[in-house]
Amino acid sequence: MKLKSFAKINLFLEVIGKYENNFHIINSIVSRIDLFDEIVIKESEDLVVSFKGPFASFIENNNINYLFQFLKEENYISNTGFAVTVDKNIPVGSGLGGGSSNIAVILNYLENKNYINKEKKLLISRRLGSDIEFFLENHPALLSGTGEVCSRFNILSDKFIFLVHPQISLSTKDVYSKCQIIDKKSIFNLEKKQLSLNEIMENTANSLEESAINICEEVNQIKNIFLSDKLSQYARMSGSGSSYYGIYESEKDAKNAEKDLLNQHPEWWTCVTKLI
């Protein structure tokens, strides 16, 4: 069975405080984008996990092996005999959530095959990582706390997202630890269950940009390229970086921006995509 494991972008991310255990308290709206890894999973005698594709060689921590080890140790499932192959198209360490998405897709598969129920799936996702719960369902979400889903809704947008990754992985832990910014919490009227992209992007930001830039100068370079492009309506870092994106009115504008950037920086990874 071949499954699509979609990436995400943070449309904004505010660090609004810290818990006593030093975990940061966030407020963020997140949406999937039309960029995905492909996962083939089937039952097997033993657990065999393999990676292929353009970003396979960047994987240092095999979180899929850890998932099945966790499931067995916690007695969620007795059988961990699966063959899992992941075609990695989402950059690793990029703030696009590829690893969390992979885990969520596998948890949904296990629920569909009646290895776990929905309640256990949600509990497991919250114990394993902050973005995993978001990826269990398709709709955009408002996240709060350490990344728990507060509510889901639709986002009205026909715009195009031009994504740039400088081929440098950033440690989420390092970026958060250097973050000095504590923002106010943006409030959205979610009773209508539908927001426009413009109302989300206006008057919001990513609190982690400054600390990411202090670690990775390339993030600042990409940011300045978008800010100097008059056709880029908004420019923002996703998650803890190092991916950065601009929002364009048309696919043609986004593709032209991509062509210009790759002429200057052919070593960077780029993608033109949309919210889904």
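Parameters and conventions
Residues numbered from 1 in each chain as written. Predicted model: local features only at pLDDT ≥ 70, side-chain atom pairs only at ≥ 80, totals over all residues. Heavy atoms only, no water. Core = buried A, V, L, I, M, F, W, Y, C linked by side-chain atoms within 4.5 Å. Buried < 20%, exposed > 50% of the residue type's maximum accessible area, 1.4 Å probe, protein only. Helix = DSSP H or I, 4+ residues; strand = E, 2+ residues; numbered from the N terminus. Phe/Tyr/Trp six-rings, centres within 6.5 Å; stacked < 30°, edge-to-face > 60°. Lys NZ or Arg CZ within 6 Å of the ring centre and 35° of its normal. Contact = heavy atoms within 4.5 Å. Pairing = 2+ DSSP bridges. Axes fitted to C-alpha atoms, helices over the stretch in contact; angles between N-to-C directions. Parallel < 35°, antiparallel > 145°, perpendicular 65-115°, else oblique. Left-handed = near helix turned anticlockwise from the far one by under 90°. Nonpolar A, V, L, I, M, F, W, Y, C, P; charged D, E, K, R; others polar. Arc of directions from axis to C-beta. Polar contact = N/O pair within 3.5 Å; in protein donor to acceptor, adjacent residues only side chain to side chain.

A.B. asks: I'd like a description of the nonpolar core, backed by residues and values.
C.D. replies: Membership of the largest hydrophobic core comes to 31 residues, with the highest contact counts inside it found for Phe-68, Leu-71 and Val-84. No other element matches the seven residues that helix H2 (residues 98-112) contributes to this core. Residues Ile-9, Leu-190, Ile-200 and Ile-247 belong to the second largest nonpolar core, which totals 27 residues.

A.B. asks: Can you break down the packing of aromatic side chains residue by residue, with the values?
C.D. replies: Describing an aromatic ring pair means giving the distance of the ring centres and the angle of the ring planes. Throughout the structure, instances matching the rule amount to 13 aromatic pairs. Taking the centre distance of 6.3 Å and the plane angle of 85° together, the rings of Phe-82 and Tyr-109 count as edge-to-face. Of this pair, Phe-82 sits in strand E4 (residues 82-87) while Tyr-109 sits in helix H2; the two residues are 27 residues apart in sequence, bridging distant segments of the chain. Grouping aromatic residues by their ring pairs yields a cluster made of Phe-68, Phe-82, Tyr-109 and Tyr-115. The positively charged end of Arg-32 is found above the aromatic ring belonging to Phe-6, 4.6 Å away from the centroid. Between Lys-274 and the ring centre of Phe-160, over which it is positioned, the NZ or CZ distance is 4.7 Å.

A.B. asks: I'd like a description of the environment of Lys-52, backed by residues and values.
C.D. replies: Following the sequence through the fold, Lys-52 ends up in strand E3 (residues 48-52). Separated by 22 residues in the primary sequence, Lys-52 and Val-30 place their C-alpha atoms 27 Å from one another. Every residue in contact with Lys-52, bar those within four places of it in the chain, is listed here: Thr-85, Val-86, Asp-87 and Lys-88.

A.B. asks: Summarise the sheet that holds strand E11 (residues 244-248); cite the residues concerned and give the values.
C.D. replies: If you walk across this open sheet you meet the four strands as E10-E11-E8-E12, and the pairing is antiparallel. Because the sheet does not close on itself, it has two edges, and the strands there are strand E10 (234-237) and strand E12 (269-273). Strand-to-strand twist of the sheet, defined as the mean angle between neighbouring strand axes without regard to direction, takes the value 20°. Sheet analysis places strand E8 (residues 160-165) next to E11, joined by five bridges and oriented antiparallel.

A.B. asks: I'd like a description of the environment of Ile-181, backed by residues and values.
C.D. replies: Checked against the element boundaries, Ile-181 lands in the loop between helix H5 (172-177) and strand E9 (194-196). Setting aside its immediate chain neighbours within four residues, Ile-181 contacts Val-15, Ser-207 and Glu-210.

A.B. asks: Just give me the short version of the packing of helix H1 (residues 63-73) against helix H3 (residues 118-128), but keep the residues and values in it.
C.D. replies: The contact between H1 and H3 brings their axes to 12 Å, and the two run at 125°. Between H1 and H3, the interaxial angle falls into the category oblique. In this structure, H1 crosses over H3, and the sense of that crossing is right-handed. Within the contact between the two elements, H1 uses Tyr-66, Leu-67, Phe-70 and Leu-71 and H3 uses Ile-124, Arg-127 and Leu-128. When grouped by side-chain class, the residues that make up the contact of H1 with H3 number six nonpolar, no polar and one charged.

A.B. asks: How would you sum up helix H8 (residues 217-227)? Please name residues and give values.
C.D. replies: Of the residues making up H8, those classed as buried are Val-219, Ile-222 and Phe-226. Down the axis of H8, the sector holding all buried residues measures 65°, keeping them to one side. Buried-residue contacts for H8 involve E8, helix H7 (209-215), E10 and E11.

A.B. asks: Any details on the side chain of Asn-27? Residues and values, ideally.
C.D. replies: Assignment of secondary structure puts Asn-27 in strand E2 (residues 24-43). Here Ser-186 takes part through its backbone oxygen, which lies 3.2 Å from a polar atom of the side chain of Asn-27. If near-sequence neighbours (up to four positions away) are discounted, Asn-27 is found in contact with Phe-12, Leu-13, Glu-14, Ile-16, Leu-142, Leu-143, Lys-185 and Ser-186.

A.B. asks: Pulling in residues and values, what's your account of H3?
C.D. replies: Every α-helix winds through 3.6 residues per turn, so residues three or four apart in the chain are directed the same way. Listed in full, the buried residues belonging to H3 are Lys-121, Ile-124 and Ser-125. What you see down the axis of H3 is that its buried residues fit within an arc of 100°, all on one side. Buried-residue contacts for H3 involve H1, H2 and helix H4 (132-135). The opening residue of H3 is Asn-117, an N-cap whose side-chain oxygen sits 3.2 Å from the backbone nitrogen of Glu-119.

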